[in-house]
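Chain by chain, the residues run as shown.
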Amino acid sequence: EQIYSYWIRRPIAAASISQVHQAWLGDRKCVAKVRYPNVESNIMTDLSNAPLIRNVLSAVFPSDVIDGVFEEFCEGMTRETDFTRELASIQKFAHAFAGNDKLWVPEVQPDFCSENVITMELLDGIPFYEFLTVASLEERNSIGKTIFDFYLRSTLQHGLVYGDPQPGNLLIGSGAEVMVCDYGDVGFLNPEEVDFYRSWIRGLVTDNYSEFEVAAKHLNYVAKNNTQFDLRQEFDALRGAYIEPLL
C-alpha cells in the first residue's frame, strides 16, 4: 500500500500459489499478482510425498510414462512459483505478438515487480464462457482462430510453450480480442526442438509417416522402454481425429 497510489485489499482472483489485487499507479489502473508467503517451501513439502502423487498419476497415465509425467509435474509446479521467470515469459510473449491487434498480452511494470509481486495492466474484458453466451457464430469462429494461432505460433515460431491452456486464463475484449492473463507455466524450446515439432506436425498434415517418425523419436514421444507402443497406429489415429476432418 506504500508503493501503489490505491490498493483494493479484497482480491479479484485467487489460486493455490497467488492472488490478484486491483490497484492504481498514479491514475493508471493495474493488477498486482501477489505470491503467498512460504508457498515455495510448502509446494516442495507436498512434492516430497512422491508415492501419493505417483499413485494419483497412475490412475490416468500408463506405467511406462509415469516417471516423465511426474518430473514434468514437479517442474511445472516449481516454475509457477518463480515470478522472475513469469515476468520474463510475459515479456517474451509480448515481443512475439507485438502488433497483433487480435491478441493482447498484458503490459508489465518491471519497476513494480519482484520475486513476490508482478504488476501489470488491468485487462478490460469478459470471461471466456460469459462471452460464449452472447457471441455470434462469426465472433466464435474469430476467437477460435485467434486462440489456435496463439498456441501454435507461440510454440512453432517462437519456441514458447504455453503450459496452461484453459479458458479461465482468457478474457475477451469488446472487439473480439483474446487477452491471455496468466504466464506462470511456460516452457522454452531451443531452435532444434522447434524444428522437430514443426516436422512432427508437418508429417501429420502431409501424410508423411517417415518425417513424423523421425521427429517423434527425437522428441521422446514414446518412452524408450515402451516396446508395445505402435507409433504407426498413433499416427493414423491422430490424422483421423485431427487432420482428415479438415480436408
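Here is what the cut-offs are and how they apply
Residues numbered from 1 in each chain as written. Predicted model: local features only at pLDDT ≥ 70, side-chain atom pairs only at ≥ 80, totals over all residues. Heavy atoms only, no water. Salt bridge = Lys/Arg side-chain N within 4 Å of Asp/Glu carboxyl O. Helix = DSSP H or I, 4+ residues; strand = E, 2+ residues; numbered from the N terminus. Buried < 20%, exposed > 50% of the residue type's maximum accessible area, 1.4 Å probe, protein only. Expected span 1.5 Å × (residues − 1). Polar contact = N/O pair within 3.5 Å; in protein donor to acceptor, adjacent residues only side chain to side chain.

Following the criterion strictly, the structure yields 11 salt bridges and no others. With a shortest N-O distance of 2.9 Å, Arg 153 and Asp 149 are connected by a salt bridge. Residue Arg 153 and its partner Asp 149 are located together in helix H6 (residues 137-156), separated by 4 residues, close to a single helical turn. Judged by relative accessible area, Arg 153 falls into the partly exposed class, the value being 35%. Where Asp 195 meets Arg 198, a salt bridge forms, and the shortest distance between an N and an O atom there is 3.5 Å. Note that Asp 195 and Arg 198 are positioned in helix H7 (residues 191-205) at a spacing of 3 residues, about one turn of the helix. In the salt-bridge network here, residues are joined through shared partners; they are Lys 33, Glu 86 and Asp 182.

On to helix H4 (residues 83-96). Turn by turn, an α-helix covers 3.6 residues, leaving residues three or four places apart pointing in a common direction. Taking 1.5 Å per residue, 14 residues should reach 20 Å; H4 reaches 20 Å between its end C-alpha atoms and fits that length. All of the buried residues in H4 are Phe 83, Glu 86, Leu 87, Ser 89, Ile 90, Phe 93 and Ala 96. Backbone nitrogen of Thr 84 and a side-chain oxygen of the N-cap are separated by 3.2 Å at the start of H4; the cap is Asp 82.

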